[in-house]
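Coordinate inspection notes
Here is what each chain is made of, one letter per residue.
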Amino acid sequence: MSDFLASYLAYARDVVLYFLDPGQRVFYLYIATSVLAAYGVYLFQRRQSRSAGRGSFLAFLFPKSVWSHPSAWLDVRYFFFHKLLAHFLLLGLFAGSAATVFRWITGHAITSLPATAEGAAGWGIVIGYMLVSTIVLDLIGYTVHYLQHKVPILWEFHKVHHSAEVMHPLSNYREHPVDNFFYLLLIGAGYGAVAGGVYQYAAVVPSVPSILGVPVLMFAFNILAYNLRHSHVWLRWPGVWSKVFPSPAHHHVHHSCHPDHFDKNFAFMFPVWDVIFGTYEMPEDNRDVKFGVAGMKPMEMDTCWKLYSIPFVKAARRLKRNGKAAGASSRTDAG
């Protein structure tokens, strides 16, 4: 019990200090670059519209329309509620899933060693592993995200994330623990499969290039205005670039409850998956973008406890209805 308590207290301290951890989305450097990008948007809007120039940048960055909304403050409370409760119980799920799949493939415990090959061959293994693992994991992420929307039971839990009616960086953490479990389990399995495949081919699991302890591609993803993905600031890359690199606008459309935006833009790092599978949507502006879940009652998920409990209630109702429908169908077939 004392070890458990010590582990929990260490974890709780880390949660409070998330903004100092490069491995977390709200690391202060990622926030700073997002603020810088927001300032660019602010200046652009001032040039485009006289009315946009009436307010200060601070008012643009922290608009009353967001911070006077109960949804914004629910996200602040839920961040600590979720992180300090169920999320603690999911620690190690990713690593455990990866280690299990790696052992299935190789028969060995997973290792994290630099490539032993010399010169260009060694760098080729490292770079190849970095690119392949990133691409494969992002495709798995796209697939999991797609299933979270298309499988009715999973949607009841993923709906928690979409229930935010306004967004700021902590809205990223409005997630149900069942959603977290499903995602971490499958992404971990994917990582174990890629690592196992590389180990079978090269007898090593290379260490990928990193910045501040974060894989370089993930660091780049985070530092390029990641925190505007969950915000009110519309930033869209021009032309075809929005199909290549993930802009904040790409994710805004995904969160929009406008009928044209339903089940669009599932990709995390590479929007090309949306282009390939026909789920890409990118309007020229955000006039039709409104955050939230279509048809959801305002009071349906307005407390931390409701964000946890309501999905279980609705999922149970779906299962009950499905069970009754299956029973009725079997009786009809028998008749």
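So, a few notes on the structure that sits alongside this text. (Residues numbered from 1 in each chain as written. Predicted model: local features only at pLDDT ≥ 70, side-chain atom pairs only at ≥ 80, totals over all residues. Heavy atoms only, no water.)

1. Comments concerning the packing of helix α7 (residues 93-106) against helix α10 (residues 177-202)
Axis separation between α7 and α10 bottoms out at 7 Å; the angle between their running directions is 35°. α7 and α10 meet at a crossing whose hand is right-handed. Across the contact of α7 with α10, the residue classes tally to 15 nonpolar, 7 polar and no charged. (Axes fitted to C-alpha atoms, helices over the stretch in contact; angles between N-to-C directions. Helix = DSSP H or I, 4+ residues; strand = E, 2+ residues; numbered from the N terminus. Left-handed = near helix turned anticlockwise from the far one by under 90°. Nonpolar A, V, L, I, M, F, W, Y, C, P; charged D, E, K, R; others polar.)

2. Details of helix α11 (residues 216-223)
Taken together, the buried positions of α11 are occupied by F219, F221 and N222. Along the long axis of α11, the arc covered by the buried residues comes to 160°, so they all point the same way. The elements touched by buried residues of α11 are α2 (28-48), β1 (210-211) and β2 (214-215). (Buried < 20%, exposed > 50% of the residue type's maximum accessible area, 1.4 Å probe, protein only. Arc of directions from axis to C-beta. Contact = heavy atoms within 4.5 Å.)

3. With respect to the pattern of salt bridges
Scanning all chains against the criterion turns up 9 salt bridges. Across the pair R174 and D75 runs a salt bridge, and its minimum N-O distance is 2.5 Å. Of this pair, R174 sits in the loop between α9 (152-162) and α10 while D75 sits in helix α5 (residues 70-83); the two residues are 99 residues apart in sequence, bridging distant segments of the chain. Notably, a salt bridge pairs D285 with R287, separated by 2.6 Å at the nearest N-O pair. Via salt bridges that share partners, E156, K159 and R318 belong to a single interconnected network. (Salt bridge = Lys/Arg side-chain N within 4 Å of Asp/Glu carboxyl O.)

4. Some points on a nonpolar patch on the surface
A cluster of nonpolar side chains, namely V16, L17, F19, L20, Y28 and F80, defines an oily patch on the protein surface of about 570 Å² accessible area. Relative to the helices and strands, Y28 is located in helix α2. (Patch = residues over 30% accessible without salt bridge, like charges linked within 9 Å, V, L, I, M, F, W, Y side chains within 5 Å. Areas by Shrake-Rupley, 256 points an atom, 1.4 Å probe, with all protein chains shown as cover.)

5. Brief notes about the packing of aromatic side chains
Across all of its chains, the model carries 31 aromatic pairs by this definition. When the ring of Y42 is compared with that of F60, the centres are 5.5 Å apart and the planes differ by 45°; the resulting orientation is tilted. One end of the pair, Y42, is in helix α2; the other, F60, is in helix α3 (residues 57-61), with 18 residues separating them in the sequence. In this structure, Y42 and F60 share a single accessibility class: buried. When the centroid spacing of 5.9 Å and the interplanar angle of 15° are considered together, the rings of W241 and F245 count as stacked. Judged by relative accessible area, W241 falls into the partly exposed class, the value being 48%. Judged by its relative accessible area of 45%, F245 is partly exposed. Among the aromatic residues, ring-to-ring pairing joins F4, Y8, Y11 and F88 into one connected group. The side chain of R25 reaches across the aromatic face of Y226, ending 4.6 Å from its centre. (Phe/Tyr/Trp six-rings, centres within 6.5 Å; stacked < 30°, edge-to-face > 60°. Lys NZ or Arg CZ within 6 Å of the ring centre and 35° of its normal.)

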